[in-house]
Amino acid sequence: MQVVAKTRRIDLKMVGDIPDRVLNVLKEEYGDLQVISDVEEELVNVEDTDWFRSMQAAMTPGKVLRAYRTRENLTQIELGRRIGDVPRQHISGMETGNRPIGREMAKRLAEVLRFDYRKIL
């Protein structure tokens, strides 16, 4: 059994056999709770699923770069400025796969976007 309580202040997750008195206290304190009972469910490593393998195969270096840039809320222009005045067209070309990403460029991108540069090589 899992319990997830979300409010503006707290995100609480409890896993295991949770006594009713604990659930009652949580309900009293936080109101609605999401209680997930997955006793019969078997947990599966996501990396072992066909979905994950298909998603991983579809992720080109350019798509990975775009995902990290988007995560940081940067435009192509801003990213280009931060890595050393690289034109927007070059960033676009790398994201679409029309321009290769070399090791040094990957390192510069990774430093600004906070990821392991080997993910786009």
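For the structure given in this document, a descriptive report is provided here.

1. A short note on the pattern of salt bridges
- Summed over all chains, the structure comprises eight salt bridges.
- Here arginine 69 makes a salt bridge to glutamate 95, at a shortest N to O gap of 2.5 Å. Note that arginine 69 is positioned in helix H3 (residues 61-71) and glutamate 95 in helix H5 (residues 88-96), a separation of 26 residues in sequence.
- Of the residues examined, arginine 69 reaches a relative accessible area of 11% and is grouped as buried.
- One salt-bridge network, in which partners are shared between bridges, spans Arg66, Arg69 and Glu95.

2. Things to note about the packing of aromatic side chains
- Applying the stated criterion to the full structure yields one aromatic pair.
- Each ring, one from tyrosine 68 and one from phenylalanine 115, has its centre 4.2 Å from the other, and the planes form 5 degrees; the classification is stacked. One end of the pair, tyrosine 68, is in helix H3; the other, phenylalanine 115, is in the segment after helix H6 (103-113), with 47 residues separating them in the sequence. Of the two residues, tyrosine 68 and phenylalanine 115, both sit in the buried class.
- Sitting over the ring of tyrosine 117, lysine 107 keeps its end group 5.3 Å from the ring centre.

3. Observations regarding the packing of H3 against H5
- Two numbers describe how H3 lies on H5: the axes approach to 6 Å, and their chain directions differ by 125 degrees. Of the possible angle classes, the one that applies to H3 and H5 is oblique. When H3 is examined against H5, the residues Gly62, Lys63, Leu65, Arg66 and Arg69 are found in contact with a partner set consisting of Met94, Glu95 and Thr96.
- Looking at the contact of H3 with H5 residue by residue, the class counts come to two nonpolar, two polar and four charged.

4. Remarks on the side chain of glutamate 95
- Taking the relative accessible area as the measure of exposure, glutamate 95 reaches 3% and is therefore buried.
- One polar contact links glutamate 95 to glutamine 76, side chain to side chain, over a distance of 2.8 Å.
- Discounting chain neighbours no more than four positions away, the residues touching glutamate 95 are Gly62, Lys63, Leu65, Arg66, Arg69 and Gln76.

5. Some points on H3
- All buried positions along H3 are accounted for by Gly62, Val64, Leu65, Tyr68 and Arg69. For H3, the angular spread of the buried residues around the axis is 160 degrees, confining them to a single face.
- Of the surrounding secondary structure, the elements contacted by the buried residues of H3 are helix H4 (76-82), H5 and H6.
- One or two positions beyond H3, positive phi appears at asparagine 73, with a value near 55 degrees.

Analysis parameters
Residues numbered from 1 in each chain as written. Predicted model: local features only at pLDDT ≥ 70, side-chain atom pairs only at ≥ 80, totals over all residues. Heavy atoms only, no water. Salt bridge = Lys/Arg side-chain N within 4 Å of Asp/Glu carboxyl O. Helix = DSSP H or I, 4+ residues; strand = E, 2+ residues; numbered from the N terminus. Buried < 20%, exposed > 50% of the residue type's maximum accessible area, 1.4 Å probe, protein only. Phe/Tyr/Trp six-rings, centres within 6.5 Å; stacked < 30°, edge-to-face > 60°. Lys NZ or Arg CZ within 6 Å of the ring centre and 35° of its normal. Axes fitted to C-alpha atoms, helices over the stretch in contact; angles between N-to-C directions. Parallel < 35°, antiparallel > 145°, perpendicular 65-115°, else oblique. Contact = heavy atoms within 4.5 Å. Nonpolar A, V, L, I, M, F, W, Y, C, P; charged D, E, K, R; others polar. Polar contact = N/O pair within 3.5 Å; in protein donor to acceptor, adjacent residues only side chain to side chain. Arc of directions from axis to C-beta.

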